[in-house]
Amino acid sequence: MFSRGPFSCAKDDMIHCLRWTVFLWIVNSIPFTSGMTVNERIDHTCPPIKLEENWHTNVNIHREFTGFDLAEKFLLRKGTVTDNRLLLRLGSKPLFKPTESVFPNGLSHEYSIIATFRLRKTTKKDRWFVLQIFDKGGDTQASLIVDGAKKTVEFLAQGFLKNSLLYVFKNRDLHALFDRQFHKLGVSVESNAVSIYLDCKLIERQVTAERSGMNVSGRTFITTRVEDGRPVDIELQEILIFCDARIADLDRCCDSPGVTCEPVVTHNPTAAPLVTGYLHRMLSMPSQLPTDRCHCPALKGDQGLPGLAGHSGQKGDKGDMVRNMFHQFFFYSLITQNCLVLCSVTFNKFFF
């Protein structure tokens, strides 16, 4: 049998080390990639929502919106156009549907409610629900109430112990909501706070207690009078729920008359490819060792003036020829040894 040469051994060692390197890299990267998959997965309780083009200018965010268009869910028909606004017909019958047909997989714990409407003279003092969600037992799980007589907005939720959590917003800036003009009412429902916005301006924010999850076995009502459960007589332009509590805060009301918004330009970097997809390319690339040498061509200049003569140096001692030869030999030996060590380190670093 022939003995294996040094290059054959080096080749096998290189392959062995390369296999271990790839294996360890894959093992270490598994928790990282799994975490990305869990954190970046789409919330299946919130489907994509189709919106008018102006919403992409309204909101300073460039990604797909998720949520529910309640006008579409309740099959509201389009009516007349007033002040360049396409209004929705509410009709005279109570507007309610099974919650599972409105939110098939439930509603996210944090969300935004956006409703654009104008009150009429006969209804500006009514007390009515923008949204009300009942459970199977008839208890309110969540509701948004507009009270024209008190000029307030109320948010009601259900706590963990099935108790009612009521938050009343009575800031004087809300009085403009009842002046019989079109206004956009926004509500940001976070895990520990509820914020009210009027025409995209923050009016008031209240800290809340922990809320319970939503049960889809009940019924959901929209634009309903508290007194008799019939639709309130308002001019409704839109009623939306976004599965993101930030939308109410990011909305800029660019679709309002007299408001001009410049398009938001943001950088949308593409995701970097995984290293595994380019591992074979990295290994096949030729090595390029760094160098400090400059390869720039030098241009010859004009001859300068002669310089001043330097001072004479001191006379040295007479040297020993043998001693000088020994010093030169020792110096060159050190240089040779350092070069061998440097080449060995570079070889191991490059191949292993």
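Everything quoted here is computed from the prediction, not taken from an experiment. (Residues numbered from 1 in each chain as written. Predicted model: local features only at pLDDT ≥ 70, side-chain atom pairs only at ≥ 80, totals over all residues. Heavy atoms only, no water.)

**Let's talk about the side chain of Asp69**
Rules: Here a strand is any run of E in DSSP of at least two residues, a helix any run of H or I of at least four, and the numbering for each starts at the N terminus. Under the scheme applied here, a residue whose accessible area is under 20% of the maximum for its type counts as buried, over 50% as exposed, and between as partly exposed, the area being computed with a 1.4 Å probe on protein chains only. Charged residues are defined here as Lys and Arg on the positive side and Asp and Glu on the negative side; His and the ends of the chain fall outside this count. The rule for a salt bridge is simple: a side-chain nitrogen of Lys or Arg has to be within 4 Å of a carboxyl oxygen of Asp or Glu. Each polar contact in these results corresponds to two N or O atoms within 3.5 Å; when the atoms are within protein, one needs to be able to donate a hydrogen and the other to accept it, and residues that are neighboring in sequence are counted only if both atoms are side-chain atoms. We call two residues contacting when some pair of their heavy atoms lies within 4.5 Å.
With respect to the helices and strands, Asp69 occurs in strand E1 (residues 67-69). One buried charge, Asp69, has no salt-bridge partner; the nearest side chain with opposite charge is Lys78, at 8.4 Å. One polar contact links the side chain of Asp69 to the main-chain amide nitrogen of Ala71, over a distance of 3.1 Å. Excluding residues that lie within four positions of it along the chain, Asp69 makes contacts with Ile49, Ile239 and Leu240.

**Overview of the pattern of salt bridges**
For the coordinates displayed, the defined rule picks out eleven salt bridges. For Arg120, the salt bridge identified is with Asp233, shortest N-O distance 2.9 Å. Of this pair, Arg120 sits in the loop between strand E5 (111-119) and strand E6 (127-134) while Asp233 sits in the loop between strand E13 (219-225) and strand E14 (234-242), placing them 113 residues apart in sequence. Overall, Arg120 belongs to the partly exposed group, its relative accessible area being 33%. Under the relative-accessibility criterion, Asp233 is labelled partly exposed at 36%. Arg205 is the partner of Glu190 in a salt bridge, and the nearest nitrogen-oxygen pair spans 3.5 Å. Of this pair, Glu190 sits in the loop between strand E10 (183-189) and strand E11 (193-198) while Arg205 sits in strand E12 (residues 201-207); the two residues are 15 residues apart in sequence, bridging distant segments of the chain. On the accessibility criterion, Arg205 (48% relative accessible area) is partly exposed. Bridged by salt links that share partners, the residues Asp83, Arg118 and Glu235 form one connected network.

**Concerning unusual backbone geometry**
The backbone phi angle of Arg180 is positive, close to 65°, even though this residue is not glycine. Considering the arrangement of structural elements, one finds Arg180 in the loop between strand E9 (164-169) and E10. By relative accessible area, which is 37% here, Arg180 ends up partly exposed. Of note in the backbone geometry, Asp199 takes a positive phi value of approximately 55° without being a glycine. Tracing the chain through its elements places Asp199 in the loop between E11 and E12.

**Regarding the sheet that holds strand E7 (residues 140-147)**
Put simply, the test is: Here, a strand pair is defined by DSSP locating no fewer than two bridges between the strands. In this analysis an axis means a line fitted to C-alpha atoms, helices contributing only their contacting stretch, and an angle means the value between N-to-C directions, from 0 to 180 degrees.
Here we have six strands laid out as an open sheet, ordered E4-E13-E6-E7-E8-E9, and antiparallel in their pairing. The open sheet has two free edges, formed respectively by strand E4 (96-98) and E9, since each of these has just one partner strand. Sheet twist, expressed as the mean angle between neighbouring strand axes with direction ignored, is 10°. With five bridges joining them, E6 and E13 adopt antiparallel strand pairing.

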